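What follows is the residue order along each chain.
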Amino acid sequence: MGQCVYQRVAVIGAGTMGNGIAQTFASFGAEVLLVDVNEDGLRKGVAAIEGSLARFVKKGTLPEADAKAVRARVRPSTRLEDVRDVALAVEAVSERIEVKRKVFAQLDAQCPAATILATNTSSISITEIAAATKRADRVIGMHFMNPVPLMKLVEIIRGQETSDATMQAIHACTSSLDKTPVEASDYPGFVSNRVLMPMINEAVFCLMEGVATRDGIDTVMKLGMNHPMGPLALADLIGLDVCLDILEVLHEGLGDDKYRPCPLLRRYVAAGRLGKKSGKGFYDYDAAPAKA
Ligand code: CAA
């Protein structure tokens with residue numbers, strides 16, 4: 001394993017993305033403060049890291065002692081005030097602009113002037129988030145993919161005021177985590193979700209309209225397009241609430257009805273069917289882990 005260019009980082013939010021990001025930094029030698037104001041969420045995030053590390057150990061790609069060391073480098077906390085002397089803070093809280101702006105204002109007040117504040121937002125404007133701080137030149141989008149420990153891409157998004165120095169620092173940081181940075185401009189959904197979400201949404205429309213069954217739709221995309229998993233299984237992995245939030249941002253931000261969220265997706269979210277994390281989405285994860 002290589003060495004992260006930063007020795008101390010903070011990750012805000014211990015959900016699906018946050019715990020994966022924390023694990024990744026810790027796997028590359030960084031001391032990570034993992035903050036979540038929700039105690040239960042923090043516990044689940046730490047358990048997810050332990051579960052993921054155990055999978056690597058079982059597979060034989062990570063010695064048990066190394067897994068223990070990675071886990072020991074992650075320090076959980078429920079207090080955002082604990083974030084102090086970090087060189088980089090990565091925010092991965094819920095996809096709501098008000099929540100993110102509040103977190104950024106707090107980070108701005110607490111972190112040293114040189115600290116880079118990155119957001120893992122999957123679609124919200126970096127420029128709008130940066131405007132909640134007095135350091136817009138040191139605010140940047142650092143968009144990891146799920147599952148973070150496995151996926152090689154980090155989409156790097158430059159806000160209106162992001163400096164060249166910040167871009168270069170986050171490029172170097174991404175490479176030091178053995179991931180590939182790709183630059184995108186600050187438009188709704190950037191590249192990844194501008195392309196991915198319409199596909200997922202269209203798959204849900206196909207299901208709603210009875211074009212094919214759930215398994216039929218996913219099999220077409222897996223065997224016909226060589227996707228590692230079908231769009232409905234992928235939506236479950238991402239979280240149906242997250243997919244809906246991203247589609248709303250695309251719809252509103254780009255003003256085109258082609259991004260209107262499918263009513264069936266809305267209905268599932270309203271029913272609490274959020275995908276893998278809630279035990280049920282398009283697939284059922286309670287009985288046996290879903291294999292699309
Ligand atoms: N930690 C550690 N290991 C993990 C893991 C995790 N979190 N998740 C899966 N694995 C390992 C498994 O243990 C397994 O190992 P072996 O092959 O040695 O048994 C391996 O990964 C493959 O897992 P599975 O057999 O369970 O399933 P799979 O072969 O389908 O692979 C996958 C799983 C890597 C997730 C693959 O299906 C895949 O690449 N899917 C597409 C993921 C994708 O598109 N992600 C992007 C989502 S979009 C996003 O994140 C951005 C956004 O803003 C919404």
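Please refer to the structure higher up on the page.
This one's a predicted model, so the numbers in the text were calculated from it and none came from an experiment. (Residues numbered from 1 in each chain as written. Predicted model: local features only at pLDDT ≥ 70, side-chain atom pairs only at ≥ 80, totals over all residues. Heavy atoms only, no water.)

1. With respect to the pattern of salt bridges
Just so we agree on the cut-off: By definition, a salt bridge exists where a carboxyl oxygen of Asp or Glu is found within 4 Å of a side-chain nitrogen of Lys or Arg. The way it works is that DSSP assigns letters per residue, a run of H or I at least four long becomes a helix, a run of E at least two long becomes a strand, and they are numbered from the N terminus. Throughout this description, buried means an accessible area under 20% of the type-specific maximum (1.4 Å probe, protein chains only), exposed means over 50%, and partly exposed covers the range between.
According to the stated counting rule, one finds 16 salt bridges in the structure shown. The salt bridge partner of Asp40 is Arg43, with a shortest N-O separation of 3.2 Å. Here Asp40 pairs with Arg43, and both are found in helix α2 (residues 39-59), just 3 residues apart, close to one helical turn. Residue classification places Arg43 among the exposed residues on the basis of a relative accessible area of 52%. Note that Lys100 and Glu95 form a salt bridge whose closest N and O atoms lie 3.1 Å from each other. A relative accessible area of 1% places Lys100 in the buried class. One connected set of salt bridges, linked through shared partners, spans Asp40, Arg43 and Lys44.

2. Let's talk about the site of the ligand
Put simply, the rule reads: Any residue with a non-hydrogen atom lying within 4 Å of a molecule or strand is treated as near it. Distance and chemistry together define a polar contact, namely a pair of N or O atoms within 3.5 Å, with one atom able to donate a hydrogen and the other to accept it when in protein, and with adjacent residues in sequence counting only for side-chain atoms on both sides. Each accessible area is a Shrake-Rupley result for a 1.4 Å probe, and residues are judged covered by the shown protein chains and nothing else. Ten residue types, Ala, Val, Leu, Ile, Met, Phe, Trp, Tyr, Cys and Pro, are classed as nonpolar, four, Asp, Glu, Lys and Arg, as charged, and the remainder, Gly among them, as polar. Note that domain bounds follow an automatic or database assignment of domains.
The full set close to the ligand counts 18 residues, and Ser52, Lys59, His143, Asn146 and Asn193 are the nearest of them. Arg55 places a side-chain nitrogen or oxygen 3.1 Å from an oxygen atom of the ligand. Within the side chain of His143, an N or O atom sits 2.7 Å from an oxygen atom of the ligand. Surface burial for the ligand is 67%, taken as the share of its 1,000 Å² of free accessible area covered by protein chains. When contributions to the shell around the ligand are tallied by element, the ones reaching two or more residues are α2, α7 (192-208) and α9 (231-238). Among the elements that line the shell around the ligand, the one with the most residues is α2, at 4 residues. Of the residues contributing to the shell around the ligand, the split by class is 10 nonpolar, 5 polar and 3 charged. Each of two domains, domain 1 (8-184) and domain 2 (193-278), supplies a minimum of three residues to the shell around the ligand.

3. Let's talk about the side chain of Asn193
Threshold: Between two residues, a contact is recorded if the distance between any of their heavy atoms is within 4.5 Å.
For Asn193, the position within the fold is in helix α7. On the accessibility criterion, Asn193 (5% relative accessible area) is buried. Looking at Asn193, its side chain comes within polar contact range of the main-chain oxygen of Ser122, at 2.9 Å. Setting aside chain neighbours within four positions, we find Asn193 in contact with Ser122, His143, Pro198, Ile246 and Leu250.

4. Overview of unusual backbone geometry
Put simply, Asn146 and Pro147 share a cis peptide bond, and its omega is 0 degrees. Within the element layout of this structure, Pro147 appears in the loop between β6 (139-144) and β7 (153-158). Look at Phe190: it is not a glycine, yet its phi comes out positive at around 55 degrees. Secondary-structure assignment places Phe190 in the loop between β8 (180-185) and α7. Positive phi, close to 60 degrees, is recorded for Asn226, a residue that is not glycine. As for its position among the elements, Asn226 is in the loop between α8 (214-225) and α9.

5. Focus: the nonpolar core
Note the threshold: Within this scheme, the nonpolar core is defined by two criteria: the residues are buried Ala, Val, Leu, Ile, Met, Phe, Trp, Tyr or Cys, and they are joined through side-chain atoms within 4.5 Å.
Judged by nonpolar contacts, the single largest core of 37 residues is most densely connected at Ile21, Phe25, Leu88, Met142 and Phe144. Looking at this core element by element, the count peaks at 5 residues for helix α1 (residues 16-27). With residues up to four places along the chain from it excluded, the contact list for Phe144 reads Met17, Ile21, Phe25, Val90, Asn120, Leu153, Val154, Leu177 and Lys179. The next biggest cluster of nonpolar side chains, apart from the first, holds 27 residues, and it includes Val204, Ile217, Leu264 and Phe282.

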